[in-house]
Each structure stands twice: as structure tokens, then as C-alpha cells.
Amino acid sequence: MILLNTKEKDLKYIMHTYGRYDVALKSGKGAVAYDENGKKYIDVSSGIGVNSLGYCNDGWVEAVTKQAGTIQHMSNYFYSEQASNLAEKLCTLTGMSKVCFGNSGAEANECAIKIARKYSFDKYGEGRNGIITLKNSFHGRTVTTLSATGQDVFHNYFFPFTEGFSYVEAGDMNALKNAVNKNTCAVMLELIQGEGGVNILDKDYVQSLVKFCNENDILVIVDEVQTGVGRTGKLFAFENYEILPDLVTVAKGLGGGLPIGLCMCADKLRDVMSPSTHGTTFGANPVVCAGANYVLDTITADGFLDEVNKKGAYIEEKVSKLENVKNVRRMGLMIGIELESGNAHDIAVKCVENGLLIITAKDLLRMLPPLVITYEEIDEALNILENTLKEND
Ligand SMILES: *Cc1c(COP(=O)(O)O)cnc(C)c1O
């Protein structure tokens, strides 16, 4: 029998839905990862904003392993202490009213879409089900969340897509008002478009949008799958915008590396969903929730989010001065780096070769470092970035 290595097995047996960097990661601690050959990397991507406390945070590992050895799963027909605690914490911390659990960002958005449509159906009857989303958004990979995603490249192959979505330019209030009609039930948006290139929406625009929607009983769904859980320097990005959405979806960073997605709703939606209108086998899993509880306790501890903001400002200041950097777009530790020249993907590949795990968003380099990254790790990362950008000149 021929022995295949990790990469060869991957290429042979895993469907090719991702172009991967040429690295097989094996272990990690904090913001440092090691590959199968023992090579060291500084990671400023956190597995796309997932490892919010970095790799294998001691307290998180303890919380998760302890729960795995206590009760690892129960069906949603039973009460779960970890899930109840997590839901209580989230509602208390945000002013939202209830949560509905799932396992991923796309599922969380599916849930929000279902809640918005049911609210409208219950109150106005059939037909009022239109949802407006923003151009350049990203909301997930299921057939419905692809439909919600306001980018034509995502609307291929898998026809027919879910009906009822329309798209408007971000930042244009008139375009939004013109797109609204009697069948509009919700507007769904990311406050910072992550996959779309770290586009930070204007605060005045977001506030007018929310005011307009509130006046017309159109629900505001904020997709915080990438921006949530401390990423932008507040627990949720909507706090930076001083708004209270009707529905908020959360996933990536919440579990600290385990799959979780959930939808939180405001008080007026607390009783929209009833038994058998939604469900999930794995959602609210106690091991995952134990990890999420640990993440939430850590990032809401005194001073933690101030540090996130300080580290973000420190990175922005340093990166802005690097050769070939045109502009830095940032909120907290969500960072997009606009380049003067060169292909962002090619530069990211070189960074990885040089020991820096970094990702891209459209034609930008993107950093979503673990929220616990140290200044030493930041300096090491920025050194590699600086040298790589010079090489590329
Ligand atoms: C990643 C992401 C999603 C999809 O999350 P999955 O867990 O991959 O389903 C949805 N919305 C936003 C804003 C995201 O960044």
C-alpha cells in the first residue's frame, strides 16, 4: 500500500471546495501555530475569526474537556445548564430577549430569516416576506443564505435560489427607501462587511436605516457572525453604532473554536417561534456551550475589550507606515489592509511561506488576530509582513 501524506489524502479524498495554503497545521498555543514539520507560524487569522482566545487557551480547554467528561450531548428535548447559562449571559449583556441555537453562521442567518418571515406572516398574513440585503454582503453558503448574499458570483449553479431577496448599495438611504415596498418584512446587513473587503458602514447611515425600519415595522437583522464577540472592541459591533437590532446572528468567535451559531431576538419577537417551527440536533450542545461560556466570561472581564481596542490601534499605526500599504480599514481587531500594488492573495501566500498566517478579503489583506494576541506576537507578525511586502516590491 502506498502511504499518502496529509496533503495527498486531502487532494484525493476531500472535495475541492477550498484552495488551501500549502501547510498542514498540527498544533498551536495562543497566536502561534506549528505545522507537521515543526515550522512555527504567527497566526493573525484565527481560523477566520474563530479562535477568539487563540489556540488551546488553558481555561477554555479545561471548560470544554470538563464538560465532555460530564455530559457531552443531550437532545433538545431536555434542559441544558450550559445552554441556559449561555443564553442568559447573552441576553443580559446585550439587551436582547431570547436566543435560538444552531451550529454555524449560515444556520444562524437561516433562523433569523425564518423568524422575520414568521413575525410578518403572523401579523400581516401571507406575502409580506421580502428581505432587502446589501450589495457586497456575505451571509452564508446554504441555498437561502447564498440568495441573501448580495454578490452575483454567489448566484450560480444551484438554481432555483430562495425567492424574496433584493439588494441595495450599502450607504445609500434613498436606494433602500426605493427598494422597500408593501411586501418588505426585513433588512439584513453586516455592519462591517467582512468577506466583502472590511467595508465599515457609516454610522449615520446605519442609524437612519434602523430608524426608518422601526417606523415601518420592518425588522433589522444584523449579521454579527464575523463582527461579534469582541472582534470590533465591543461585545457586539451594533454597540459601536448605538443601535438595538431586532435580530442579531452570532457564530464564528463565540465557541472559541467549536461550531456554534445562534440568533438573538429583541423583545417584540420573543414569542414568534413555537414548538416545531425550528430545530437542530446538535445546536446548544453542552460541550460547545461550555466553551462559549468561557469565551464570553473572558472577553467581558474588566479591561479585556479596552485591550482589544489598544492592540487594534497599535497594529493600525504600525501597518499604515509599511511600504506598499495604501490604507488600513479597522474596527477593534477586524483589520483590512489596502495595498498600493500587487495581488493580495499572492502576498498572503508569501506571508504564509515566511511564517505569518494571514487571509484576504477581496483585494485586501485581512487580519482577524486572536483577541488575546500579545504585543510580542504582534511585533513578530508585523516584522514578517513588513519583510514580505518589501520582497514583493
Ligand atoms: C462566515 C460568515 C457567515 C457564514 O458562517 P458559516 O459558519 O460559515 O456558515 C455568515 N455571515 C458572515 C458575516 C460571515 O462572516
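Computed from a predicted structure; not experimentally measured.

Trainee: Give me the lowdown on the site of the ligand, citing residues and values where you can.
Mentor: Neighbouring the ligand are S104, G105, A106, N109, F138, H139, G140, E190, D223, V225, Q226 and K252. Between A106 and the ligand, the recorded distance is 2.8 Å, taken from a backbone N or O atom to an oxygen atom. Q226 is positioned with one of its side-chain polar atoms (N or O) 2.8 Å from an oxygen atom of the ligand. Compared with its free state, where it exposes 380 Å², the ligand has 81% of that area covered by protein. Ranked by residues supplied to the shell around the ligand, first place goes to helix α5 (residues 105-124) with three residues. Looking at the shell around the ligand residue by residue, the class counts come to three nonpolar, six polar and three charged.

Trainee: Lay out the sheet that holds strand β7 (residues 184-189) in plain terms, naming residues and giving numbers.
Mentor: With respect to topology, seven strands assemble into an open sheet ordered β4-β12-β11-β10-β7-β5-β6, the strand pairing being mixed. Edge positions in the sheet fall to β4 (98-102) and β6 (165-168), since each has one partner strand and no second. Here the strands of the sheet are splayed against their neighbours by 20° on average, with no regard to which way each runs. Sheet topology note: the β4/strand β12 (residues 261-265) ladder contains five bridges and is antiparallel. Each residue of the ladder has a partner; that of G102, found in β12, is G261.

Trainee: Let's hear about the packing of aromatic side chains: which residues, and what values?
Mentor: To describe a pair of aromatic rings, you give the distance between the ring centres and the angle between the ring planes. Following the criterion strictly, the structure yields five aromatic pairs and no others. With a centroid separation of 5.5 Å and 55° between ring planes, the pair formed by F138 and F154 is classed as tilted. Pair noted here: F138 is in the loop between β5 (130-134) and α6 (143-148) and F154 is in the loop between α6 and β6, with a separation of 16 residues, a long-range link. Residue classification places F138 among the buried positions, given a relative accessible area of 18%. Considering the side-chain rings of Y157 and F158, the 5.6 Å spacing of their centres and the 80° angle between planes classify their relative orientation as edge-to-face. The exposure class of Y157 is exposed, given its relative accessible area of 70%. The ring of Y124 carries R128 above its face, with NZ or CZ at 4.0 Å from the centroid.

Criteria and cut-off values
Residues numbered from 1 in each chain as written. Predicted model: local features only at pLDDT ≥ 70, side-chain atom pairs only at ≥ 80, totals over all residues. Heavy atoms only, no water. Near = heavy atom within 4 Å. Polar contact = N/O pair within 3.5 Å; in protein donor to acceptor, adjacent residues only side chain to side chain. Areas by Shrake-Rupley, 256 points an atom, 1.4 Å probe, with all protein chains shown as cover. Helix = DSSP H or I, 4+ residues; strand = E, 2+ residues; numbered from the N terminus. Nonpolar A, V, L, I, M, F, W, Y, C, P; charged D, E, K, R; others polar. Pairing = 2+ DSSP bridges. Axes fitted to C-alpha atoms, helices over the stretch in contact; angles between N-to-C directions. Phe/Tyr/Trp six-rings, centres within 6.5 Å; stacked < 30°, edge-to-face > 60°. Buried < 20%, exposed > 50% of the residue type's maximum accessible area, 1.4 Å probe, protein only. Lys NZ or Arg CZ within 6 Å of the ring centre and 35° of its normal.

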